[in-house]
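Spelled out from the first residue to the last, the chains are:
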Amino acid sequence: MIHSLFLINSSGDIFLEKHWKSVVSRSVCDYFFEAQERATEAENVPPVIPTPHHYLLSVYRHKIFFVAVIQTEVPPLFVIEFLHRVVDTFQDYFGVCSEPVIKDNVVVVYEVLEEMLDNGFPLATESNILKELIKPPTILRTVVNTITGSTNVGDQLPTGQLSVVPWRRTGVKYTNNEAYFDVIEEIDAIIDKSGSTITAEIQGVIDACVKLTGMPDLTLSFMNPRLLDDVSFHPCVRFKRWESERILSFIPPDGNFRLLSYHVSAQNLVAIPVYVKHSISFRDSSSLGRFEITVGPKQTMGKAIEGVTVTSQMPKGVLNMSLTPSQGTHTFDPVTKMLSWDVGKINPQKLPSLKGTMSLQAGASKPDENPTINLQFKIQQLAISGLKVNRLDMYGEKYKPFKGIKYMTKAGKFQVRT
Amino acid sequence: MSAAPAYSEDKGGAGGPGEPEYGHDPASGGIFSSDYKRHDDLKEMLDTNKDSLKLEAMKRIVAMIARGKNASDLFPAVVKNVACKNIEVKKLVYVYLVRYAEEQQDLALLSISTFQRGLKDPNQLIRASALRVLSSIRVPIIVPIMMLAIKEAASDMSPYVRKTAAHAIPKLYSLDSDQKDQLIEVIEKLLADKTTLVAGSVVMAFEEVCPERIDLIHKNYRKLCNLLIDVEEWGQVVIISMLTRYARTQFLSPNQNESLLEENPEKAFYGSEEDEVKGPGPEEAAATALPARKPYVMDPDHRLLLRNTKPLLQSRSAAVVMAVAQLYFHLAPKAEVGVIAKALVRLLRSHSEVQYVVLQNVATMSIKRRGMFEPYLKSFYIRSTDPTQIKILKLEVLTNLANETNIPTVLREFQTYIRSMDKDFVAATIQAIGRCATNIGRVRDTCLNGLVQLLSNRDELVVAESVVVIKKLLQMQPAQHGEIIKHLAKLTDNIQVPMARASILWLIGEYCEHVPRIAPDVLRKMAKSFTAEEDIVKLQVINLAAKLYLTNSKQTKLLTQYVLSLAKYDQNYDIRDRARFTRQLIVPSEQGGALSRHAKKLFLAPKPAPVLESSFKDRDHFQLGSLSHLLNAKATGYQELPDWPEEAPDPSVRNVEVPEWTKCSNREKRKEKEKPFYSDSEGESGPTESADSNPESDSESDSKSSSESSSGDSSSESDDEDEEKGRSSESEQSEEEGKRKKMKKRKTVAEGHREGSSSDEGSDSSSSSSESEVTSESEEEQVESTSWRRKTPPSSKSAPAAKEISLLDLEDFTPPSVQAVSPPTIVSTSLATDLEGLTLTDSSLVPSLLSPVPGVGRQELLHRVAGEGLAVEYAFSRQPFPGDPHMVSVHIHFSNSSENPIKGLRVGTPKLPAGISIQEFPEIESLAPGESTTAVMGINFCDSTQAANFQLCTQTRQFYVCIQPPVGELMAPVFMSENEFKKEQGKLTGMNEITEKLTLPDTCRNDHIVVQKVTTTANLGRVPCGTSDEYRFAGRTLTSGSLVLLTLDARPAGAAQLTVNSEKMVIGTMLVKDVVQALTQ
């Protein structure tokens, strides 16, 4: 299926290549570079590029293109999903996935890639299994290895590979047994000029960090499971149990994992926690425009809104902006025309605002579009959909684990049209 | 990893204390001399004894490979280390080998023996990795070695090694496609594997090597469906996509009756969607939808596939979700396809590459099934931060989804998009508006006005695009839009984009009668600037001139001639040609009168308005989710999605004839094996069957009840399966069967037909009385499905009335025959082919052969067809076997129906599981034609229900046969008093006690029947008992002599409790199942 993989950085250098079948010359990437040039922006490079003898499927993450070469029909999502899984694995192994890190750990990267695919077909992609086969580099292990001469490569088949719970390794031991669950909800919304909501939906995930000894069997129940419109699970979740009882029952993987992602649909009314008042105007005659925005809280259920940032892509005609914020800092990049304003926490008594003037290109006609405002914010201790975890129980092990649940609401793709 | 970074960087680092020369820069390459030098360092390091140095060297070499540097000249030095003890060095050497072996084939052979040794290693990881590397080395000489290794690994104990073997198959195939036949054999073998680990990989191999051998899937189809949910994600994708193709060849189109309604899909969709929200599942929707139509019967296997893939829509992997979505799109009845929309919309939150692929597929789907995505319209709204390619795809979907009701909101959205800074996107939006306007008549004027307003936009691209779209729209109703044409005419002064100018000119020319005063003026202006125009504009100028000349020659004659003269000397030959051609046509000359008379008709013929179509129309002839679909072109290796067959192929090919004959053999299990097929057909196709048999009357009510039952089924399934997770697939199956058994109670009369055909899945040769009952009820219907019954005659004919057993009990004895027959593949395939031949012969014989024959504990061991005239049956006589009390005595009945005498009948080399032994019967010297004889043999089953496999030899032939004992036959009765019984029972509590509650049907509430049923099920003796409602039985297992105590506590109103106490828990559990089954039927 997957023939070869090329890693290409943003300046167009191929800095890593791996072949699972016979070697494909790296000149095949020329087609990719061509497409890249045509696309002008990195995210506009088509994910699938046909060439006379091969097909190039690529994903773009962390400023690196991961280009897979395939020769025959294969579901494109299969390859794309795999490439993303590769990136996730690197991130898991090295903390970050960037060009220098990959170059520094090229041997581990190579070994991992070797295990992930066999003849182009995925072999081991669960990070729990991979980590048993090839141990991630840590400073301590590096020191130990140099002294004892031991290696990073395991010599036993990972137990998970054969068990019915491939995602969990056996023989896990912790002195402190703890299970943390973060319920994180993101609001995707489009707000129109007048402040009314065009579309809003909530995308939620439950990320877990489970450090429990042995083979615990957990069940997590919700106060209001009906809210969840559409869900997708980590493979450990027993689907039938969810279907019949709306309870999450699972043997968790060890460490960090995403237990569940869910969707609260647009049909439900979504509370929008912030509003933006804006007045942005360009005048035809003058080369100055007025710019003023104010951010304020709306339906926040009494919680504070933190970490607010406002970004906006200004029209090309804007040369510079002279603005004064009532709080926080702002920057305007005259090259990319990107305005960003780091607001911080919203104080409901004194609403943060940013006002000033824009200087426009002299003689040019006024831009026909007002810029869209993108908003980022965080609200701690609140799941905006109202989802609440009822209880978490553990079976199969004797000890009492420490359990913690945290809620958070964030802005996802939150846009205000002006 | 201290050293790795230092070496991989382009600066020389110190190699380590003591070996300063190793620190030489490895990558300063470019100059050859330094290359050699560097490689000398590495060679030296590889030759040392120190593992740490070797490791350093290998790491540097791998880093070179990773950067695409050539390291092939190190091959001899590296290959030496293939046997290195250090596992990391070894792995890195493997990496190197796989990369360069192809280039250095001779040297690569040096490493082969190491791998061959590795293949025998006790550590499964080492076995697997040896096979992996061995098969990855692309050296044609070792093909035979690879073949051997693969074959061996395919029967390895470790499923991980078997998985590796499956991976190796396509590798070998790509190296040497002549091995195909042998590889197919291995694939066939691995397809039968029951572990989830192997399933995905072997199907992958199947797809690469022999996707056309769909026949290999038949036998494994149900297993694959059932395993699917536990297979890892990548395997799921491959299996689902293969099963989609399979289903397209094997089942009938579920929508065949709906094709007439295609025009009006909207209504159906609203309805179905509501159903799904309220109802228990799509099954119900299907069930209610179907009976209203003509008889279409969904194959239970088809339903099985749909049912088992549905939960995977919840997978975290986008690839799996897409795979299921395409499966539903291609295979599901229309009413059920809706379920995939939600999952696909969810994927739109994912990475942009995923969005890109998903949106392409949604675009195709939304053309055919608009209703499906309509509720999610808002999810396709475009954000300014989306990449342009995503925006354009979303726009495509929005346009497809637009209809009379939602068009106002859609247009409002479009209005915001038009002001976007991304001009490509704006152009696409204008196109989209044009398409909405053509599709939805109501908003055509609104759109047109909107577009006309855009004509005053400052951006020329926007204006140009609008003109092009307006032109297309105007063609639909030109008469009413004189004003707009005038407006456009004015634009010719400003617009410079050639395409737009050309469009305007064409419009004016075409509708010059609506603007009689402006048109000549436009021509005048154009004539003035003719030489400076682009080619397409020039062509349109000529066109305009010609049309005006024909309609208004008085004003434009001179202008036209001027334009034509200019064109005559143009640089472009197309334009010169066009000018010449036009002149000949319109200007009447002496000779060419004939054509010029018709010139007006030629130029001003009414032209049909162009249809603005989605580029995604008709893309669905490619399998969705495939690369070919995405590219809209056939990719290499794309497997065409076949059309539905007109006639369903024989569904019985999927019947598993040889289910687990080595392992599971107890009678209960075998019986259960058949049950699912009964109940399946009831649960799934019940409604349609009833519609089949009496289409007018009670189809309605029937369908209701059966839809209930199917929903009930799914809920019980969910419970069961949940508990099941984690257990072996085998027990999973039996659980499921247990639950299906429950359904059996809901059996209705009308099922006869279906049952007949489906029952043969489990037992083809059974002389089941229940079946024959059914037969007599609905004999005529049976005629169609006779194939299985052809096998029946021998056993039913010859069934001796050895024991007096009631009809009901018979059921207990019927099923095992299949397993008993189950000779290894050679025989069964020949049997199958023979039978195929038979089915073609006349069917008038059948009813008489089928008449219920009272019979017996006798089961078939060898069918007369398979045995070339020799038919063998066996029965458990329940008499102690003379000579060895631990043996179960088996009566074997031979009959010779061939022409010739059969000589030298004896038992050949038995292949027995550990512990099982056979006491052979004395050789039968000769069996004359038509005669039959009986022999007794003893088998020590070692208190297990494993099958005893042995060969039955004649002088000329050998037949593989196997006997599987029902659990009840593994014991002998013992007699004890009630007190003794209670005492023994007291010792066997806790784990040794198995209790089950059951309800006795009315038919077996009296003592006699209960006792008879229990004793026929199991070879137990009755223990006298004080109370009337309690029955006690006792026995000992034959081999170990462990006690088996059975208590049945019958309470009023049929409630009863069955308790079995036995040291052998397995036997106890199976016995409970058997007895419960016997009693409740």
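That block above? That's the structure.
Read on for an overview of the structure. None of the values given here were measured: they were computed from a predicted structure. (Residues numbered from 1 in each chain as written. Chains lettered and ligands numbered in written order. Predicted model: local features only at pLDDT ≥ 70, side-chain atom pairs only at ≥ 80, totals over all residues. Heavy atoms only, no water.)

**A closer look at the interface of chain B and chain A**
Then, number 1: Every contact between the two is made by 102 residues of chain B and, on the other side, 106 residues of chain A.
Then, number 2: Across the chain B/chain A interface, buried area totals approximately 9300 Å², and carbon plus sulfur atoms make up 56% of it.
Then, number 3: On the chain B side of the interface with chain A, the three residues burying the most area are B:Trp234, B:Arg349 and B:Arg383, jointly 9% of the side's total.
Then, number 4: At the boundary of chain B with chain A, the tally comes to eleven salt bridges.
Then, number 5: One salt bridge connects A:Glu115 with B:Arg132, and the closest N-O pair in it is separated by 3.4 Å.
Then, number 6: Scanning the region where chain B abuts chain A turns up 38 residue pairs in polar contact (both at pLDDT 80 or more). (Contact = heavy atoms within 4.5 Å. Buried area = accessible area lost by both parts, 1.4 Å probe. Salt bridge = Lys/Arg side-chain N within 4 Å of Asp/Glu carboxyl O. Polar contact = N/O pair within 3.5 Å; in protein donor to acceptor, adjacent residues only side chain to side chain.)

**Brief notes about the side chain of B:Arg245**
Residues and elements named next belong to chain B.
Then, number 1: Relative to the assigned elements, Arg245 resides in helix α15 (residues 233-250).
Then, number 2: Note on Arg245: relative accessible area 6%, which makes it buried.
Then, number 3: Every residue in contact with Arg245, bar those within four places of it in the chain, is listed here: Glu207, Pro211, Ile214, Gln639, Glu640, Leu641 and Pro642. (Helix = DSSP H or I, 4+ residues; strand = E, 2+ residues; numbered from the N terminus. Buried < 20%, exposed > 50% of the residue type's maximum accessible area, 1.4 Å probe, protein only.)

**So, the sheet that holds strand β3 (residues 48-50) of chain A**
Residue and element names in this part refer to chain A.
Then, number 1: In spatial order, the strands read β2-β1-β5-β4-β3; together these five strands make up an open sheet with antiparallel pairing. For this open sheet the edge positions go to β2 (14-19) and β3, each flanked by a neighbour on one side alone. Going across the sheet, the axis of each strand differs from the next one's by a mean of 20°, ignoring polarity.
Then, number 2: For strand β1 (residues 2-9) and β2, the ladder comprises five bridges, and the chain directions are antiparallel. Note on β2: the bridge partner recorded for Phe6 is Glu17. (Pairing = 2+ DSSP bridges. Axes fitted to C-alpha atoms, helices over the stretch in contact; angles between N-to-C directions.)

**Side note on the environment of B:Trp234**
Then, number 1: Relative to the helices and strands, B:Trp234 resides in helix α15.
Then, number 2: Here B:Trp234 falls in the buried class, since its relative accessible area comes to 1%.

**Let's talk about the pattern of salt bridges**
Then, number 1: Counting across every chain of the model gives 51 salt bridges over all chains.
Then, number 2: Close ionic contact of A:Glu115 with B:Lys91 constitutes a salt bridge, the shortest N to O distance being 2.8 Å. With one member in each of two chains, A:Glu115 in helix α4 (residues 106-116) and B:Lys91 in helix α5 (residues 87-100) form a pair that bridges those chains.
Then, number 3: Look at B:Lys91 and you get buried, because its relative accessible area is 17%.
Then, number 4: Because the salt bridges share partners, they merge into one network encompassing A:Lys18, A:Glu114, A:Glu115, A:Asp118, B:Lys91, B:Arg132 and B:Lys171.

**Here's the deal with the packing of aromatic side chains**
Then, number 1: The tally for this structure, following the rule as stated, stands at 24 aromatic pairs over all chains.
Then, number 2: Aromatic pair B:Trp506 and B:Tyr511: ring centres 6.4 Å apart, planes at 90°, arrangement edge-to-face.
Then, number 3: On the numbers, 5.7 Å between centres and 90° between planes, the contact of B:Tyr874 with B:Phe876 is edge-to-face.
Then, number 4: Accessibility expressed as a relative area gives 0% for B:Tyr874, which makes it buried.
Then, number 5: Look at B:Phe876 and you get buried, because its relative accessible area is 7%.
Then, number 6: Ring pairing ties together the aromatic residues A:Phe32, A:Phe33, A:Tyr60 and A:Phe65, which thus form one cluster.
Then, number 7: A cation sits over an aromatic face here: A:Lys18 above A:Tyr110, 5.0 Å from the ring centre. (Phe/Tyr/Trp six-rings, centres within 6.5 Å; stacked < 30°, edge-to-face > 60°. Lys NZ or Arg CZ within 6 Å of the ring centre and 35° of its normal.)

**Brief notes about the environment of B:Arg517**
All names here are of chain B.
Then, number 1: By the secondary structure assignment, Arg517 is in the loop between α30 (498-510) and α31 (518-529).
Then, number 2: Classification of Arg517 by relative accessible area gives exposed; the value is 76%.
Then, number 3: Taking the C-alpha atoms as reference, Arg517 lies 9.8 Å from Lys486; in sequence the two are 31 residues apart.

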